[in-house]
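Commentary on secondary and tertiary structure
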Amino acid sequence: MKYGRTYNFSAGPAMMPEPVLEEIAAEMMNYRLSGMCVMEMSHRSGVFQQIRDEAEADLRKLMNIPGNYKVLFIQGGGTVQFAMVPMNLMKNGLGCYVETGAWSKKAIAEAKKYGEVKIIASSADRNFSCIPDCRDMDIPDNADYVYICENETINGTTYFQLPNTKGKILVSDQSSMFLSRPCDVSKYGLIWGGVQKNVGPAGMAIVIIRDDLIRDDLPEYVPTYMNYKTHADNDSLYNTPNCWAIYCCGKVFKYLLENGGLEEMHRRNKEKAEILYDFLDHSEFFTGAVRREDRSLMNVPFVTPSREQDADAAAAAKAAGFDNLKGHKSVGGLRASIYNAMPKEGVEALVRFLRKYEEEHA
Ligand SMILES: *Cc1c(COP(=O)(O)O)cnc(C)c1O
């Protein structure tokens, strides 16, 4: 790795593509002869407007977003979306949620503040090691939406088939899989993702929402900022946006377009994940934590035979140049997050390290 950088397996904030960081560094002091850094620029200036517009246009191209969907850049990261979704979409006051782990549980807890929540499927009884069967769920007629966390960052599960929502709109938290594989946007009512997992710096979420779901009859108490319409009506420039995050994300969109788009990212991500899962499947010391059919291509949790050895392996990995392999504090074990920007060489090097560790400690 150049610049003495480390293979960073953090779940987020996470690695960004090196050519993107280099380009940002080159533009830091004087962005394209504007005489200033993007951080210093008015969000009302023509030069920033162009950065914003290109970011949206490039994202639309990457994901092939249909014209009847709005793209919104909203501050507050992922957690704010846990509240904005029910605030804006609960017309009848009923949200249906699939419970698959830590992040869907947070979404459920927040939604309960704004209306009724019905859990229509759950893998809690399997310790969230799989995605529950979502082919025939009991969805009431008056449900406003069906909500999923499409990739559970902490538990390491992902959907390879979308749930049968029986005609209700599908809302998906794609934070930790955003732009990792092709996505048919038309199957969703709303997709959102915090960008610090697979795209850019923390502090912003991207919301892709079908325009008929943007309402002008929200209750008075809904804060102006928390209304999707505020952002949709103002090109995400109602107030000062996270200009820096929009700029960095825009760079990543261009990088992805130049590198084969989402088909190519998916190919690379499958290849990387296979290297790691193949090792885990054959190891007698490390064990993957998730049912084979539901294994995430982005977040790979695994364990050793004991908690002590989990901690020792994570510390040894860090000393060897593989950072942030400690599992989330709520589940323990180890976890390797291998987003778009993690090179294949990083995963291969990690597997070599784990193999050697196993030989020395098993
Ligand atoms: C990280 C994450 C969030 C929360 O994002 P913040 O920006 O920290 O609020 C929500 N959902 C998923 C799936 C995540 O991985």
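For the structure, check the block above.
Reading the values: the criteria
- Along every chain, residues carry numbers that run from 1 in the direction the sequence is written.
- In view of the model being predicted, local features appear only for residues whose pLDDT reaches at least 70, and side-chain atom pairs are presented and counted only at 80 or more, with totals across whole chains, interfaces and linings using the full set of residues.
- Values shown for side chains rest on all heavy atoms present in the structure; no hydrogens or waters enter the calculation.
- Only DSSP runs of H or I with at least four residues qualify as helices, and only runs of E with at least two residues qualify as strands; both kinds are numbered from the N terminus onward.
- Near residues are defined by distance, with any heavy atom within 4 Å of the molecule or strand qualifying the residue.
- Pairs of N or O atoms within 3.5 Å make up the polar contacts considered here, provided that, within protein, one atom can donate a hydrogen while the other can accept it, and that residues adjacent in sequence are counted only when both atoms are side-chain atoms.
- All accessibility values rest on the Shrake-Rupley procedure with a 1.4 Å probe; residue burial counts only the protein chains present in the view.
- Under the scheme applied here, ten amino acids are nonpolar (Ala, Val, Leu, Ile, Met, Phe, Trp, Tyr, Cys and Pro), four are charged (Asp, Glu, Lys and Arg), and all others, including Gly, are polar.
- Nonpolar cores are built from buried Ala, Val, Leu, Ile, Met, Phe, Trp, Tyr and Cys residues. Side-chain atoms within 4.5 Å join them into one set.
- Think of it in three bands: residues with accessible area under 20% of the maximum for their type are buried, residues over 50% are exposed, and the middle band is partly exposed, with areas taken using a 1.4 Å probe on protein chains only.
- Should any heavy atoms of two residues lie within 4.5 Å, those residues are counted as being in contact.
- Strands are treated as partners if at least two bridges between them are detected by DSSP.
- Directions pointing from the helix axis toward each C-beta atom define the arc.
- Here a helix's expected span is defined as the number of its residues, less one, multiplied by 1.5 Å.

Cis geometry is adopted by the peptide bond preceding P13, which originates at G12 and carries an omega value of -10°. Mapping P13 onto the fold places it in the loop between β1 (7-8) and α1 (18-27). At F128, a residue that is not glycine, the phi angle is positive and equals roughly 55°. Its location among the elements puts F128 in the loop between β4 (116-122) and β5 (145-149).

This part takes up the site of the ligand. The environment of the ligand is formed by 13 residues, the closest being T79, T153, D173, Q196 and K197. D173 places a polar side-chain atom, nitrogen or oxygen, 2.7 Å from a nitrogen atom of the ligand. Here an oxygen atom of the ligand and a side-chain polar atom of K197 are 2.6 Å apart. Protein burial of the ligand: of its 380 Å² of free accessible surface, 87% is covered by the chains. If you tally residues by element for the shell around the ligand, the top one is helix α3 (residues 77-89), at four residues. Among the residues making up the shell around the ligand, the classes are represented as four nonpolar, seven polar and two charged.

Moving on to the nonpolar core. Residues L59, M63, F178, L179, I206, I208 and F253 are the most contacted members of the largest nonpolar core, which totals 54 residues. The element that contributes the greatest number of residues to this core is helix α6 (residues 243-258), accounting for ten residues. If near-sequence neighbours (up to four positions away) are discounted, L59 is found in contact with N64, I65, V71, F178, L179, I206 and F253. One finds F9, A11, A14 and L350 within the second-largest nonpolar core, a separate group that totals 35 residues.

Of all the seven residues making up strand β10 (residues 204-210), six are buried; the element is thus mostly covered by neighbouring parts of the structure. When strand β2 (residues 69-75) meets β10, the two strands line up antiparallel, connected through seven bridges. Residue Q75 lies in a different strand from β10, and its bridge partner there is M204. In this sheet, β10 lies alongside strand β9 (residues 190-194) in antiparallel orientation, the contact comprising five bridges. In the sheet register, G194 faces β10, and the bridge partner there is A205.

The next point concerns the sheet that holds strand β11 (residues 287-288). Spatially, β11-β12-β14 is the arrangement adopted by the three strands of the open sheet, whose pairing is antiparallel. Each of the sheet's edge strands pairs with one partner strand only, and the pair in question is β11 and β14 (334-337). Direction of pairing for strand β12 (residues 299-303) relative to β14: antiparallel, over a ladder of four bridges. Each residue of the ladder has a partner; that of P301, found in β14, is R335.

Turning our attention to helix α4 (residues 102-111). Burial in α4 covers these residues: S104, A107, I108 and A111. Looking straight down α4, one finds that the buried residues subtend no more than 100° of arc, so they occupy a single side. The inward-facing, buried residues of α4 contact α3, β3 (94-99), β4, β5 and β6 (151-152).

Over its 18 residues, helix α9 (residues 344-361) runs 26 Å from end to end, which matches the ideal 26 Å to within 8%, given 1.5 Å per residue. Taken together, the buried positions of α9 are occupied by G346, V347, A349, L350, V351, F353, L354, Y357 and E358. Looking at the buried residues of α9, the elements they touch are β1, α7 (261-282), β12, α8 (307-319), β13 (322-323) and β14.

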